[in-house]
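Coordinate inspection notes
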Amino acid sequence: IAVSDSSTTYMVFNGPVSLVDVGMAGNYLVKIEANAVFVRARKKDTLPTPILIRYGSEYWMGRLVYAPSPVMQLYDFKDGTPSLNNGTGFTYSGSTPDNELAMDKSAEKKEVIESNLLKLRKAKEENQSVAVVENDMVLSLANIRNDKDFTYLRFKVINKTNIDYNVDFIDFQLVENSEKKFLGRKKNEARRPLAPSGGKPNQNISGRSTGYLTYAVPLYAATENGYLEVTLRELNGARVLVLPIPSKVINRAPAI
């Protein structure tokens with residue numbers, strides 16, 4: 001697993017993560033969130049070390065290695081370990097926003113995705129109501145489309161501050177709520193991470209400016225109680241933006 005000191009590496013597992021044990025714990029920052037583990041090196045050229053992760057009743061063991069600019073930043077271990085040979089003799093595993101393994105599809109499928117995302121970038125903004133405002137930042141859904149395989153999303157980011165917002169990564173989770181409360185408590189939630197395709201890593205929204213982000217996620221028809229939770233994290237800062245997109249907006253989106 002390639003890890004940098006300037007960006008976060010993201011690993012998704014097929015079950016809730018309950019334990020992470022790193023050999024040289026002082027050299028790496030590790031955080032657990034539901035089925036995911038986030039790792040970042042504390043300094044440049046830090047030494048390699050083993051990592052042990054327990055998710056559900058299973059264990060996964062790997063090796064962290066420092067890389068200034070990792071080829072992979074999102075590793076998907078939900079269905080085993082998908083791999084890609086890039087023709088140079090090296091094999092990479094997992095999924096990352098700008099290669100076809102983000103949804104385990106072929107290069108031809110990726111070409112279709114990129115073509116449809118280009119269409120979306122040229123479309124006139126259609127949605128105004130799905131938005132979140134936090135820390136003088138505005139994240140909203142500008143456009144949404146579906147085809148038989150994917151949902152295509154275009155986000156608008158308004159930076160009202162003087163400080164640039166450097167996008168570290170964007171996370172997608174499909175959330176389903178139970179219809180009834182249990183013993184008066186909050187509704188139970190079932191979460192399913194969705195690996196995105198499209199978009200570029202480390203996009204920058206300059207201070208006092210507006211930018212757009214486009215992604216495709218696997219098509220999934222949620223119930224009326226469900227929604228797509230979109231989380232945007234910045235590279236050097238704590239301004240996290242979380243945008244819930246109601247299922248009815250996704251299910252009723254026009255074809256691209």
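What comes next concerns the included structure. (Residues numbered from 1 in each chain as written. Predicted model: local features only at pLDDT ≥ 70, side-chain atom pairs only at ≥ 80, totals over all residues. Heavy atoms only, no water.)

Time to look at the pattern of salt bridges. Inspection of the entire model under this criterion finds seven salt bridges. A salt bridge links arginine 233 to glutamate 33, with the nearest nitrogen and oxygen atoms 2.9 Å apart. In this pair, arginine 233 is assigned in strand β18 (residues 227–234) and glutamate 33 in strand β4 (residues 28–33), connecting sequence segments 200 residues apart. One salt bridge connects glutamate 126 with arginine 145, and the closest N-O pair in it is separated by 2.7 Å. One end of the pair, glutamate 126, is in the loop between α1 (107–122) and β11 (131–134); the other, arginine 145, is in strand β12 (residues 137–146), with 19 residues separating them in the sequence. Among the charged side chains, a network of salt bridges with common partners joins Lys31, Glu33 and Arg233. (Salt bridge = Lys/Arg side-chain N within 4 Å of Asp/Glu carboxyl O. Helix = DSSP H or I, 4+ residues; strand = E, 2+ residues; numbered from the N terminus.)

Right, let's talk about the side chain of arginine 239 for a bit. Examined against the element boundaries, arginine 239 turns out to sit in the loop between β18 and β19 (241–246). Accessibility expressed as a relative area gives 12% for arginine 239, which makes it buried. Looking at arginine 239, its side chain comes within polar contact range of the main-chain oxygen of aspartate 164, at 3.0 Å. In terms of polar contacts, arginine 239 uses its side chain to reach the side chain of glutamate 234, at 2.9 Å. Excluding residues that lie within four positions of it along the chain, arginine 239 makes contacts with Asn135, Met137, Asn159, Thr161, Ile163, Asp164, Tyr165, Leu232 and Glu234. (Buried < 20%, exposed > 50% of the residue type's maximum accessible area, 1.4 Å probe, protein only. Polar contact = N/O pair within 3.5 Å; in protein donor to acceptor, adjacent residues only side chain to side chain. Contact = heavy atoms within 4.5 Å.)

This part takes up the pairing of strand β8 (residues 74–77). Side chains of β8 alternate between two faces, with Leu74 and Asp76 and Tyr75 and Phe77 buried alike. In the sheet, strand β2 (residues 9–13) pairs with β8 via four bridges, with the strands oriented parallel. For tyrosine 10, the partnering residue across the bridge sits in β8 and is leucine 74. (Pairing = 2+ DSSP bridges.)

Strands sit in the order β11-β12-β13-β17 across an open sheet of four strands; the sheet is antiparallel. Only two strands of the sheet have a single neighbouring strand rather than two, namely β11 and β17 (209–218). Averaged over all adjacent pairs, the angle separating strand axes in this sheet is 20°, with direction ignored. Bridge analysis of strand β13 (residues 150–159) against β17 gives 10 bridges, and the strand direction is antiparallel. By the bridge assignment, lysine 156 is partnered in β17 with tyrosine 212. (Axes fitted to C-alpha atoms, helices over the stretch in contact; angles between N-to-C directions.)

Tracing the backbone through its elements, the reader meets serine 7 in the loop between β1 (2–3) and β2. According to the relative accessible area criterion, serine 7 is buried, its value standing at 3%. Here glutamine 73 takes part through its side chain, which lies 2.7 Å from a polar atom of the side chain of serine 7. Excluding residues within four positions of it along the chain, serine 7 makes contact with Val39, Arg40, Pro70, Gln73, Asp168 and Leu235.

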